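Secondary and tertiary structure notes
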Amino acid sequence: MSVQLQTLLLLTLCLSVTHGNSWGEWNDSQLQPTIQKLMKGYNRYLRPNFNEGPVEIGMSLDIASIDAISEINMDYTATIFLRQRWRDSRLVFPGNESVSVDGRLVSLLWIPDTFIPDSKRSFLHDVTVENRLIRIFSNGTVLYALRITATIACNMDLTKYPMDRQVCTLQLESWGYNLQDVVFYWTRGNDSVKGLDILRLAQYSVESYYTSVSEAVYETGQYPKLVLHFALRRNVLFFILETYVPSILLVVLSWVSFWISQSSVPARVCIGVTTVLTMTTLMMGARTSLPNANCFIKAIDVYLGICFTFIFGALVEYACAHFYNMQNQTTEDVYRDLLREFNESNGNGSIPIVSSNQPNQSVEIGSTAEELTEQSANSATRNNVVSKEKVSGQGCSLSSVKDVSRRAASAFTVENPHNIDRRARTVFPTAFLFVNILYWLYYLFL
């Protein structure tokens, strides 16, 4: 089989000769035996410069595309053109020309055992043949090029998602040859990487990139390593239109209930419950495309939590306002019933109503029901608080705990429940605007 492959290599080299039927000062009769002599005794299992120092291998990359970047799997899929150059003194031949041979003859030559350590899945393209390139120069330099598609791991920090900036790497190492055998270097530094400047991605934009040379240390020794670092900035405009704007509109919609009458219970409850359920659906949808790791509290989760808090707070505000409104209506109904019974029994006139804290004084009630209702409503709360303080101060048997509880209860007494809605119309928008300013300053500039 080896003789057949050598014969195929010979035929390929003969077909690749340029300038008619001559190559330099050679003719066809001289070329054929010279190539046979070149390959005679070549051992592809031994590296070049064996026992004479390490082989220097220069590398360059062309990034054809980055097909997908997955936050769930924390990886990216890229198609690259990998080019490797080294010098093999056993392949020196006269002249100044280069010879491109068939990629299937790679089995006849020694090639580096370069691999991608962070690769999860990878394959070499083989349509219509394996995408390999072998070019041999007259000074023994070998150019070996491959077209590879690989899924490579990328550790992502999603705490600022979707205002995040991810730094991913593409590493190249030698599998079996250590630093005493091979040495890797970038052929042109940062210019060895092409294609990232013109790359267009769906959610990201390439912010910057650079190359570095380091060493990979394992238990079996130290191995050469080349690293390409590139930073990806996520485009936040898509998430603003898809998540942030709808959540803001839901918060504003929950404030509409502050302008609806407290007596319209179905309308206000419907707005509160609808906005809460819609916000819950929006939060669940935003988390479906992200990993459910407990260690990641993302920026979008914080914002959706803030919006949900304000929407739920608007619903609780109506519950409190309605509760105090019902209390106030109960007190007014008592005095209204009392006035009606008095008018039915005595007609117009006045009777003395003795309060519990001033037994020697009386209140003159006129002939109209409106005056009695107004006086009763204004003095109800004052008389209740004064009577409680007087009773608690007369006896030493009441404990101080009860006194504190009574004063605390009186502090939460609301004279006009409609003021709750009036204050909420100012407090809720102001607080939401202030929280938004803090949120965007922190995640965009810190």
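Right above here is the structure, for reference.
Our subject in this report is the structure included herewith.

Rules of the game
Numbers given for residues are sequential positions, taken from 1 along each chain in its written order. Under the rules for a predicted model, residues below a pLDDT of 70 receive no local features and side-chain atom pairs below 80 are neither given nor counted, while totals for whole chains, interfaces and linings still include all residues. Side-chain figures throughout are based on the complete set of non-hydrogen atoms in the structure, without hydrogens or water. Pairing between two strands requires that DSSP report at least two bridges joining them. Going along the chain from the N terminus, every DSSP run of H or I of four or more residues is numbered as a helix, and every run of E of two or more is numbered as a strand. What a helix should span is 1.5 Å times the count of its residues minus one. For each residue, the accessible area found with a 1.4 Å probe, counting protein chains only, is set against the maximum for its type, and the residue is called buried under 20%, exposed over 50%, and partly exposed in between. Paired rings are identified among Phe, Tyr and Trp, the last through its six-membered ring, by centres lying within 6.5 Å, and are further divided according to the angle between planes into stacked (under 30 degrees), edge-to-face (over 60) and tilted (the rest). Patch rule: a residue counts if its relative accessible area is over 30% and it has no salt bridge; like charges are joined within 9 Å, and nonpolar side chains (Val, Leu, Ile, Met, Phe, Trp, Tyr) within 5 Å. What sets the accessible areas is the Shrake-Rupley method with a 1.4 Å probe; for residues, cover comes only from the shown protein chains. A pair is scored as a salt bridge if a Lys or Arg side-chain nitrogen falls within 4 Å of a carboxyl oxygen belonging to Asp or Glu. Polar contact criterion, stated in full: a pair of N or O atoms within 3.5 Å, where within protein one must be able to donate a hydrogen and the other to accept it, and residues adjacent in sequence count only if both atoms are side-chain atoms. Residues count as neighbours in contact if any of their non-hydrogen atoms are within 4.5 Å of one another. Only buried residues count toward a nonpolar core. Its members are Ala, Val, Leu, Ile, Met, Phe, Trp, Tyr and Cys residues joined through side-chain atoms within 4.5 Å. Angular values range over 0 to 180 degrees, each being the angle between N-to-C directions of two axes fitted as lines to C-alpha atoms, with helices fitted over their stretch in contact. Any angle from 65 to 115 degrees is called roughly perpendicular, while one under 35 is roughly parallel, one over 145 is roughly antiparallel, and all others are oblique. Throughout, a crossing is termed right-handed when the near helix is turned clockwise from the far one, and left-handed when it is turned anticlockwise from it by less than a right angle.

Strands sit in the order S4-S8-S12-S11 across an open sheet of four strands; the sheet is antiparallel. At either margin of the open sheet sits one strand with a lone partner, and together these are strand S4 (114–115) and strand S11 (204–218). With nine bridges joining them, strand S8 (residues 165–174) and strand S12 (residues 221–234) adopt antiparallel strand pairing. Residue Val 167 lies in a different strand from S12, and its bridge partner there is Ala 231.

The next subject is helix H4 (residues 265–287). The end-to-end C-alpha distance of H4 is 34 Å, a good match for the 33 Å that 23 residues give at a rise of 1.5 Å each. Arg 268, Ile 271, Gly 272, Thr 275, Val 276, Met 279, Leu 282 and Ala 286 are the residues of H4 that are buried.

Take the packing of aromatic side chains next. For the structure on display, the rule yields 22 aromatic pairs. An aromatic cluster is present here, built from Tyr 244, Tyr 303, Tyr 439, Trp 440, Tyr 442 and Tyr 443 joined pairwise through their rings.

Moving on: a nonpolar patch on the surface. A grouping of Leu 433, Ile 437, Leu 441, Tyr 442, Leu 444, Phe 445 and Leu 446 is seen on the molecular surface, where their side chains present a nonpolar patch of about 770 Å² in accessible area. The residue Leu 433 is located in helix H8 (residues 418–445) in this model. The exposed category is assigned to Leu 433, whose relative accessible area is 54%.

Here we come to the side chain of Arg 47. Among the secondary structure elements, Arg 47 is positioned in the loop between helix H2 (28–39) and strand S1 (55–70). Of note is the side chain of Arg 47, whose polar atom sits 3.1 Å from the backbone oxygen of Asn 49. Within polar-contact distance, the side chain of Arg 47 engages the backbone oxygen of Gly 53 at 2.8 Å. Leaving out residues up to four positions away in the same chain, Arg 47 has contacts with Gly 53, Pro 54, Val 55, Arg 90, Trp 110, Tyr 177, Gln 180 and Asp 181.

Counting 78 residues, the largest nonpolar core has Ile 63, Ile 66, Tyr 76 and Leu 170 as the members making the most contacts within it. The greatest single-element share of this core, amounting to nine residues, is contributed by helix H5 (residues 299–346). Every residue in contact with Tyr 76, bar those within four places of it in the chain, is listed here: Ile 66, Ala 68, Ile 69, Ala 150, Thr 151, Ile 152, Ala 153, Cys 154, Cys 168, Thr 169, Leu 170 and Phe 230.

A few words now on the packing of helix H3 (residues 237–254) against H4. The packing of two helices is summarised by the inter-axis angle and the distance between the axes. Running from amino to carboxyl end, H3 crosses H4 at an angle of 165 degrees, the nearest separation of the two axes being 9 Å. The pairing of H3 with H4 is recorded here as roughly antiparallel in orientation. Our pair here, H3 against H4, has a crossing hand that is left-handed. Mapping the contact onto sequence places Glu 242, Thr 243, Pro 246, Ser 247, Leu 250, Leu 253 and Ser 254 in H3 and Ile 271, Thr 275, Thr 278, Met 279 and Leu 282 in H4.

Judged by which residues are buried, strand S3 (residues 98–101) turns out to be one-sided: Val 99 and Val 101 face inward and are buried, whereas Ser 98 and Ser 100, on the alternate face, are not. Relative to strand S6 (residues 132–137), S3 runs antiparallel, the two being bridged by four bridges. Across the sheet, Ser 100 pairs through a bridge with Arg 135, a residue of S6.

Geometric values such as these leave the question of function open.
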